[in-house]
Amino acid sequence: MLALAFASFLLFGVALVIVGANQAALAGSLGLDLSASGLLASSLSLGIGVGVLATGPLVDRGPRRPLFVAVSAGCAAALAAVGPEAGFSRALGCLLALGVCLGGYETVLNTAIAERHGARAARPLTFVHAGATLGA
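Because the structure is a prediction, the values reported are computed rather than measured. (Residues numbered from 1 in each chain as written. Predicted model: local features only at pLDDT ≥ 70, side-chain atom pairs only at ≥ 80, totals over all residues. Heavy atoms only, no water.)

Chemist: I'd like to hear about the pattern of salt bridges, residue by residue, with values.
Modeler: If you walk through the whole model with that rule in mind, you get one salt bridge. The shortest N-O distance in the salt bridge between Glu115 and Arg64 comes to 2.8 Å. With Glu115 in helix H5 (residues 88-117) and Arg64 in helix H4 (residues 64-81), this pair connects stretches of sequence that are 51 residues apart. Judged by relative accessible area, which is 55%, Glu115 ranks as exposed. (Salt bridge = Lys/Arg side-chain N within 4 Å of Asp/Glu carboxyl O. Helix = DSSP H or I, 4+ residues; strand = E, 2+ residues; numbered from the N terminus. Buried < 20%, exposed > 50% of the residue type's maximum accessible area, 1.4 Å probe, protein only.)

Take a look at the structure:
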């Protein structure tokens, strides 16, 4: 489980910086000014917050495995929907959806690790979250 969580957080880190690292190219290809391209990055962050808030209650009330599969599939779908032909609105929606799903799987994984390891969860969580740093 820790290997899957580490890999998931690695991809989480990549997603966090991919917009910022490519902001100039995105702005140029979409014909955006600085404020509009900044909105793309902030939509990803907003989506993560929404995903954490929405997934928190679901993690406690239902099976986690199908929820993890659903949010992971949502990440893949959001990334697949963005392409060279995507305009600003589509890119904004895809990044918002990606953020929601990233926040969702972050919540599922954090909860599962904390529950599985109990009082000893600090070390496994540190390892898993190091994946986000490495991915960034």
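Having put the structure on the table, let's press on.
Chemist: Give me the nonpolar core: which residues, what numbers.
Modeler: By size, the foremost hydrophobic cluster in this structure holds 28 residues, and its most contacted members are Phe12, Leu40, Cys75, Leu98, Leu102, Tyr105 and Leu109. Of all the elements in the fold, those that place two or more residues in this core are helix H1 (2-21), helix H3 (34-61), H4, H5 and helix H6 (122-135). Of all the elements, H5 adds the most residues to this core, at nine residues. Aside from chain neighbours lying at most four places away, what touches Leu98 is Ala15, Leu44, Cys75, Ala78 and Leu79. (Core = buried A, V, L, I, M, F, W, Y, C linked by side-chain atoms within 4.5 Å. Contact = heavy atoms within 4.5 Å.)

Chemist: So what's going on with the packing of aromatic side chains? Residues and values would help.
Modeler: Using the criterion set out here, one finds three aromatic pairs in the structure. Arranged with centres 6.0 Å apart and planes meeting at 70°, the rings of Phe68 and Tyr105 form a pair that is edge-to-face. With Phe68 in helix H4 and Tyr105 in helix H5, the pair connects residues that are 37 residues apart, well separated along the chain. For the residue pair Phe68 and Tyr105, the accessibility class agrees, reading buried in each case. (Phe/Tyr/Trp six-rings, centres within 6.5 Å; stacked < 30°, edge-to-face > 60°.)

Chemist: Mind laying out the environment of Val71, listing which residues take part and the relevant values?
Modeler: Mapped onto the elements, Val71 comes out in helix H4. Classification of Val71 as buried rests on a relative accessible area of 11%. Each C-alpha atom of the pair Val71 and Tyr105 lies 6.0 Å from the other, and the pair is 34 residues apart in sequence. If near-sequence neighbours (up to four positions away) are discounted, Val71 is found in contact with Cys101, Gly104 and Tyr105.

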